[in-house]
Structure formats: C-alpha cells, structure tokens
Amino acid sequence: MTHKPFRPSSFIVSTFPESMKSLRTIAVAGLIMSVAVQAQPKSPFTYQDLLMLDRISGLAVDPAGTTALFNVRATDMEKNRGVSTLWMKDLVDTKKPEVKVPAGEGGASDVQWAADGSGFYFLSGRGEGGTSQVWKADAKGTSATQVTRLPLDVQTYHVAPDGSGVVVALSVFPDCAANAIACTIERMKAQEGVKSTGTVYDRIFMRHWDTWKDGTRNHLYYVSLKEANAQPVPLMAGFDGDCPTMPFGGSEDFTLSKDGRTVYFSARVAGRTEPWSTNFDLFSVPVTGGAAKNLTGGNPAWDAQPVISPDGTKLAYKAMKRPGYEADRFQLQVMDLATGTVTDVASNWDRSASSLAWSRDGESLLVTADDQGSHRLFSLHVAGKERAAGPVAPISHEGHIDAFAQTPNGFVFLKSAMNSPSVLYASGPSKPMKDGKEAVHRWRMIDDNPMNLTGVNAVLKDKVFGAYEQFSFPGWNNETVYGYVLKPANYMEGKKYPVAFLIHGGPQGSFGDAWSYRWNPQTYAGQGFAVVMIDFHGSTGYGQAFTDAINEHWGDRPLEDLQKGLAFALGKYSFLDGENVAALGASYGGFMINWIAGVWNQPFKALVSHCGIFDTRAMGYSTEELWFTDWENGGSVFTKPGNYETFNPLLHADQWRVPMLVIHGDKDFRVPLTQGIGSFTACQSKGIESKYLRFPDENHWVLKPQNSMQWHTEVFGWLEKYIGGGR
C-alpha cells in the first residue's frame with residue numbers, strides 16, 4: 001500500500017531539538033555578551049487555542065499586484081462573537097508588516113478593487129440608518145465615501161469595470177408589480193403593527209437551512225454612479241428565484257460584461273418544484289433592465305459561477321449534467337458570447353471544479369478542486385486547438401488552496417493544511433510555457449518555497465501539532481481508498497494512544513489535508529488522542545464514480561471502507577490503541593454513528609453523534625432540500641418507502657449498547673431537531689449511558705465561540721471518560 005510520509009508536527013519546524021539550549025545576545029554595561037538560555041518548551045495545540053486564532057479570509061489583490069487586502073476575524077469571547085477587521089499588505093516591499101486599514105474601521109467586508117486600481121470598494125453598515133451599503137476607499141485605505149444609499153441592505157455587489165455603475169443584490173418581495181423596493185419597505189412597516197404571529201404558506205420549502213422564509217427573494221439591481229440620486233434599475237423583475245443563491249451564495253453568482261452593459265447571473269426558477277430542483281441556469285440581462293435571457297435552458301441541471309474572459313468575448317462557467325443531484329461533477333464550459341456556442345472543456349478530467357478564474361492572458365482557466373485528500377489549484381489551457389483536449393495540470397501541491405489571485409508578478413494565495421490555518425503567501429512569476437510540438441502549457445508550482453506574507457497567528461510558533469500521514473488500502477470492491485492518521489501532539493515512541501475515529505459529513509465531502517474551525521483533528525491530537533479518518537466511497541476528490549458509489553448505499557459500501565480502513569490503520573500504526581477507540585461524526589457522519597451503533601459497535605467504547613440522522617424515513621418527510629434525500633434514496637419517500645428503510649438506524653436501535661453523546665441545534669432544518677431527540681430517546685429507553693447537548697441558537701453547525709467552547713469541553717470530556725487520553 002502507498003502512503004505519504006508524516007508531515008512535521010510543529011507549525012514552524014525548528015532546526016534544533018527543543019531540549020537543546022539556544023544563544024541569546026544581550027548588552028550589559030556597553031558590552032555584547034552571548035549567554036545560554038533554556039529554550040521555552042512548546043505546548044500542544046488545543047481547542048482553546050483554536051477558538052482564539054485570527055482567521056484570514058477575503059483575499060483581494062489590486063490589478064497591478066502591488067497591494068493585498070484581507071479580512072482578519074478575531075474572537076471576542078466576552079461578547080460571544082467574531083470581530084472582523086480589514087488589513088493591507090505591501091506586495092512590493094514585503095518586509096513591511098501588514099497594517100490595519102483605517103477605512104475599514106466600522107466594518108468592512110466583501111472587498112473588491114476598482115478595475116483601474118484607484119481604490120477599493122467594500123460593504124459596511126456604518127452609515128445613517130445602519131443598513132449595509134457599498135463604500136469606496138482610496139488605494140491606501142485612508143478615507144472612504146459612501147457609494148450607495150439604498151433603504152435595504154446590500155447583500156453583495158459588483159462594480160462595472162469602468163466604475164460607471166454598480167450591480168447590487170437586495171432582498172425584496174418578487175410579487176411587487178411596480179417598485180419592488182418601496183413595496184418591500186411598505187410591507188415590512190405594515191408587519192410591525194400586526195400582533196398575531198401566524199404565517200400562512202401555500203408551498204413547501206417554507207424553511208431553509210436555519211431560516212423560516214418570509215416571501216422575499218434576493219434580486220439584482222443596477223445603480224448608475226454617473227448621476228446623483230439615480231434610481232435602482234431592477235434586473236430580475238418578477239423573477240421567482242434568488243441571486244445570489246440561498247443560503248450560501250455570493251458575488252460569484254453574477255458578473256458584468258467588460259463594457260459594463262450586461263449582467264450575467266446564475267439562478268433557479270423556483271415555483272413549486274424548488275424543493276426538488278437543482279436546475280440553476282445562467283441568464284443575461286442589460287443593465288437598463290428588461291426580460292432576462294436564459295443562456296443555458298438546454299441543460300436541466302446546475303449551471304453556476306459565470307466568469308468573463310479578459311478580452312470580454314467568452315464566458316466560462318461550471319455545469320452539472322444530472323438534474324436533482326447536488327454532488328454531480330461540476331464540469332467546465334466556455335461560451336462564445338458572439339455566437340452562443342458552448343464548448344465542454346476538459347471533459348475527461350475526473351474532478352469537480354470549485355472556484356474558477358481566467359488567467360491574465362485569457363488562454364487558461366485556473367480552477368480549484370478536491371484531489372485525493374487535498375484541495376489544489378489547476379490550470380486548464382483552453383486557447384486554440386487544445387481546447388477540446390483540455391489538458392489539466394496541477395499548479396499547487398498538497399494542502400488546501402483557500403483563495404488565489406494571479407498578478408503581473410506571480411500568485412498571491414491563501415493556503416491551509418491539517419497543521420496550519422490559512423496563511424497568506426506569494427510566489428514568484430508562474431507563466432505558462434509551451435512544451436514541445438503539442439504546445440502543452442506547463443506552469444510552475446505556486447507553492448514551491450512560497451513567501452509567507454503576514455505575522456498573523458505568530459503564537460503558533462510555540463505550539464506543537466500532531467504529525468500526520470496519508471495512507472491507502474483496498475476498500476469496497478477492492479478499490480483503493482485513502483485515509484489519514486494523526487499522531488498525538490505529545491507523541492512518544494513506543495507508547496499507545498486512544499483513537500478518535502472521525503467520520504466526515506456530506507456524505508460527498510472529505511476529511512483531508514485541510515484546516516477546520518469545527519471538526520479539527522489537531523484539537524484531538526492536542527488532547528492526547530490519535531486520529532484516524534477515512535475518505536470512504538462517496539467522498540470527493542477521487543473521481544466521480546467513487547463519489548457516486550454511495551448513492552443508495554449509505555450503509556454498506558462506506559461502512560465496509562470504514563471497517564477495513566480502521567483495521568488497516570490499527571495493524572499498520574503501532575501507536576494506535578485498538579482497545580480504546582471512539583467514533584465521532586456530524587450530519588452524514590452522525591448518521592453513520594447511529595448506523596454503526598446498531599450494526600458495528602464491537603470496536604467502540606464511546607460514540608458522538610452530532611446532527612445525525614436517526615430515522616431516514618422521517619428525514620424524507622421533514623428535511624427541506626428534498627432533491628438530496630430523493631437522489632440518495634433512489635426516489636421520494638412516497639414512491640420508494642422501502643428504500644428509506646434499507647439503511648435506517650432506527651430499525652437497528654435494539655442492538656445499540658455503546659455510550660453515546662448526542663448533539664443537536666434547534667435551528668437545524670437540514671437534519672431536523674427530532675432526529676437528535678430520537679437518538680437520545682433510543683439510548684435512554686435502553687438504559688445506555690448517554691447525554692444530549694442542545695444548542696437552541698445553533699443550526700447544523702456550532703458557530704458561536706462560547707457554544708464551540710462548550711461543544712469541545714463536552715466532547716473531549718466524553719472521550720476521556722470512556723477511552724482515556726487527555727494530556
């Protein structure tokens with residue numbers, strides 16, 4: 001079997017062992033002296049450290065490649081929230097430390113540079129009325145002026161390339177025939193005086209993720225910046241759908257043409273089919289308004305993320321082929337805007353595209369995608385005759401590319417790994433070079449000796465992380481399956497450590513070489529546990545057939561991978577204590593915890609089920625995104641009820657015996673609250689040692705700092721009680 005060697009356990013690798021003494025130079029009475037001092041020992045990285053880390057995000061680089069802007073989110077435990085500030089880094093004189101941007105005081109998010117580099121735009125609620133509006137700062141960020149003055153919050157925006165106007169997203173009632181903005185405000189004011197609390201719905205999908213719907217939709221508007229008090233022009237008048245998409249869409253869902261006269265956006269016509277539909281299409285509409293034109297009506301599946309080429313002649317986007325399947329492969333498409341011709345590029349590339357951008361020369365697409373436990377950046381040459389062949393080349397190594405920008409001087413990017421939160425890096429020039437007669441473009445790897453640009457989270461140099469390694473083994477159908485093993489931070493040769501067996505959600509997801517602020521394996525290593533994670537059939541980054549293998553097979557194929565993977569790891573790594581193993585998972589991972597509790601409970605001394613599915617049939621009746629349950633079970637709960645019972649944990653609850661900690665948020669509408677209550681009821685009814693941790697103010701995730709602290713305290717306390725560990 002193949003494996004990748006253990007990565008270093010320390011965030012910054014020291015040249016000498018920590019036990020050795022270092023020399024420190026001091027001045028005494030004008031004399032320079034070197035004295036031996038004992039180096040301070042490093043401490044294990046813990047979940048308390050995790051919660052207090054500064055989180056870098058929102059990378060934006062100016063057109064000249066001289067300045068980078070990014071957000072840093074700090075944690076205010078007292079106020080139980082994150083506090084985000086805007087920072088600037090000089091990319092020319094990189095020795096200068098990053099500085100907080102004065103114009104960012106008062107809040108700044110969704111930063112976008114002006115096309116001419118004269119300044120940058122951002123969203124802030126600092127103005128009169130407290131609504132989120134578009135602001136513009138000068139290039140140095142010393143001052144800012146308000147750009148839009150709308151009575152509703154701007155959700156996100158794009159500024160026209162020439163700065164003549166801005167497209168904003170507002171939440172309005174789509175059935176307002178005339179002025180939807182004014183109509184929306186009138187309705188909201190009318191509701192303020194109503195004392196009854198009942199809401200009438202005439203269709204399902206009445207709630208989504210963690211919010212009950214109020215009838216509004218995200219719609220795009222164009223605001224001219226050439227004239228004062230210009231009235232917003234509706235671009236989606238009467239459109240029954242959202243752009244940005246709900247609940248996680250953003251500015252990537254729409255863009256403007258190079259001349260600023262046309263808007264391209266991705267949206268789904270909702271209607272009564274919304275709970276079952278993944279048919280998002282690309283539309284175009286002039287900034288003067290009018291009916292939107294459907295550009296991809298021939299594809300009944302998902303079309304997303306339109307990106308205009310540098311010369312303005314082509315539109316790249318990603319598209320699925322199978323309607324109703326949210327985990328289908330996102331393939332790359334290029335549309336000729338003059339003729340409407342669409343070319344399917346890299347059709348043989350068996351990875352699903354995530355983020356997407358054009359190279360500066362317009363000859364290649366730059367794409368991120370999951371790839372065998374990592375999330376890498378790839379280049380795809382699409383110019384000339386090579387477009388049909390679609391040669392794809394990785395231009396980053398292992399780890400997780402979180403964001404990137406190509407500049408005239410190279411790349412600036414955010415990258416994380418299992419032993420590092422997101423860090424801002426720069427690489428030197430990385431230009432494509434033609435190689436041989438076939439003119440295949442080759443790029444330099446952007447993370448070969450990259451330059452760390454910031455001092456954010458310098459405290460991590462004093463922390464020890466668990467060393468980790470990827471391994472592989474023959475899983476279901478004798479196909480190669482990959483996993484990761486992580487040593488405890490306090491690892492000592494010859495000692496055995498209790499094992500936290502982490503099972504990822506999705507199920508079309510991955511537990512790989514990446515950083516997480518929720519399920520972070522390093523926090524387990526910091527508490528003295530070893531960690532094993534398996535990317536079972538259904539995981540992403542191993543080809544679409546591998547991902548598809550879990551459809552209608554939630555409880556057998558991935559279970560076989562988990563069983564074989566754990567056995568392989570226990571046999572290969574002598575530091576794993578097979579007598580003390582606990583399994584933990586959330587969402588689909590929580591389903592698997594509930595499933596193995598009844599069909600494979602022998603190896604485990606403790607279980608943790610977070611937002612896990614307990615009754616698959618009830619899930620089919622009560623979740624909101626029905627396209628998901630219908631696809632995964634081969635039909636609806638009404639037409640194929642038997643399919644929902646094939647892998648139903650409820651039907652095996654009579655075999656439950658292992659102590660279980662159940663966790664659920666009241667605002668989780670994806671896996672409704674009663675699923676967690678059902679799991680806890682089963683445990684209590686059978687006399688199994690169990691606890692129920694309820695978060696009335698959390699959804700499918702645990703987002704508030706104090707709640708996250710409690711989550712980790714309860715989870716690690718549960719593990720230490722049943723499998724030992726601790727530091």
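Please refer to the structure placed before this passage.
Residues numbered from 1 in each chain as written. Predicted model: local features only at pLDDT ≥ 70, side-chain atom pairs only at ≥ 80, totals over all residues. Heavy atoms only, no water.

Enquirer: Hey, could you run me through the overall build of the protein in this one?
Expert: A tally of helices and strands in the protein yields eleven helices and 45 strands. Its C-alpha radius of gyration of 27 Å places the protein within 12% of the 27 Å reference for a compact globule of 727 residues. C-alpha extents for the protein along the principal axes are approximately 85 × 75 × 65 Å. Counting only residues that meet the buried cut, the protein has 55% of its 727 residues in that class. (Helix = DSSP H or I, 4+ residues; strand = E, 2+ residues; numbered from the N terminus. Rg over C-alpha atoms; globule rule 2.2 N^0.38 Å. Buried < 20%, exposed > 50% of the residue type's maximum accessible area, 1.4 Å probe, protein only.)

Enquirer: I would appreciate a short explanation of the pattern of salt bridges in the present structure.
Expert: Pairs can form between side chains of opposite charge once their charged atoms are near each other. The final tally for this structure, using the stated rule, is 25 salt bridges. For the salt bridge of Asp242 with Arg217, the shortest nitrogen-to-oxygen distance reads 2.8 Å. Separated by 25 residues along the polypeptide, Asp242 in the loop between strand E18 (233–234) and strand E19 (254–256) and Arg217 in strand E17 (residues 217–224) bring together distant segments of the chain. One exposure class covers both Asp242 and Arg217, and it is buried. (Salt bridge = Lys/Arg side-chain N within 4 Å of Asp/Glu carboxyl O.)

Enquirer: Help me understand the environment of Asp513 in this model?
Expert: Within the secondary structure, Asp513 is located in the loop between strand E40 (497–503) and helix H3 (521–526). On the basis of relative accessible area, Asp513 is assigned to the buried category, the value being 2%. Separated by 114 residues in the primary sequence, Asp513 and Gly399 have C-alpha atoms spaced 5.0 Å apart. In contact with Asp513, not counting residues within four places along its chain, are Arg7, Gly373, Ser374, Glu398, Gly399, His400, Ser416, Ala417, Met418, Tyr468 and Tyr484. In terms of polar contacts, Asp513 uses its side chain to reach the backbone amide nitrogen of Gly399, at 3.2 Å. A distance of 3.0 Å separates a polar side-chain atom of Asp513 from the backbone nitrogen of Met418. (Contact = heavy atoms within 4.5 Å. Polar contact = N/O pair within 3.5 Å; in protein donor to acceptor, adjacent residues only side chain to side chain.)

Enquirer: Teacher, can you tell me more about the pairing of strand E24 (residues 314–319) here?
Expert: A regular strand carries its side chains on alternate faces of the sheet. Among the six residues in E24, six count as buried, and that is most of the element. Alternating positions in E24 separate into two faces, Lys314, Ala316 and Lys318 on one and Leu315, Tyr317 and Ala319 on the other, with burial throughout. Sheet topology note: the strand E23 (residues 303–308)/E24 ladder contains four bridges and is antiparallel. Note that in E24 the partner of Ile308 across the bridge is Leu315. (Pairing = 2+ DSSP bridges.)

Enquirer: Is there a simple way to think about the sheet that holds E24 in this case?
Expert: The strands making up a sheet associate through hydrogen bonds between their backbones, and the pairing can be parallel or antiparallel. An order of E23-E24-E25-E26 is seen for the four strands of this open sheet, with the pairing classed as antiparallel. This sheet does not close on itself; its edge strands, each paired only once, are E23 and strand E26 (342–345). Here the strands of the sheet are splayed against their neighbours by 25° on average, with no regard to which way each runs. Bridge count for E24 against strand E25 (residues 331–336) is six bridges, and the pairing is antiparallel. Looking at E25, one finds that Leu315 is bridged to Met335. (Axes fitted to C-alpha atoms, helices over the stretch in contact; angles between N-to-C directions.)

Enquirer: Mind showing me how you'd approach the packing of helix H5 (residues 557–572) against helix H6 (residues 588–599) here?
Expert: Packed helices, taken two at a time, are described by their axes: the angle between them and the distance between them. Where H5 contacts H6, the axes come no closer than 11 Å and their chain directions differ by 75°. Taken together, H5 and H6 sit at an angle that is classed as roughly perpendicular. Packed against H5, whose contacting residues are Pro558, Leu559 and Leu562, the element H6 presents Tyr588, Met592, Trp595, Ile596 and Val599 at the interface. Class assignment for the residues of the contact of H5 with H6 results in eight nonpolar, no polar and no charged. (Parallel < 35°, antiparallel > 145°, perpendicular 65-115°, else oblique. Nonpolar A, V, L, I, M, F, W, Y, C, P; charged D, E, K, R; others polar.)

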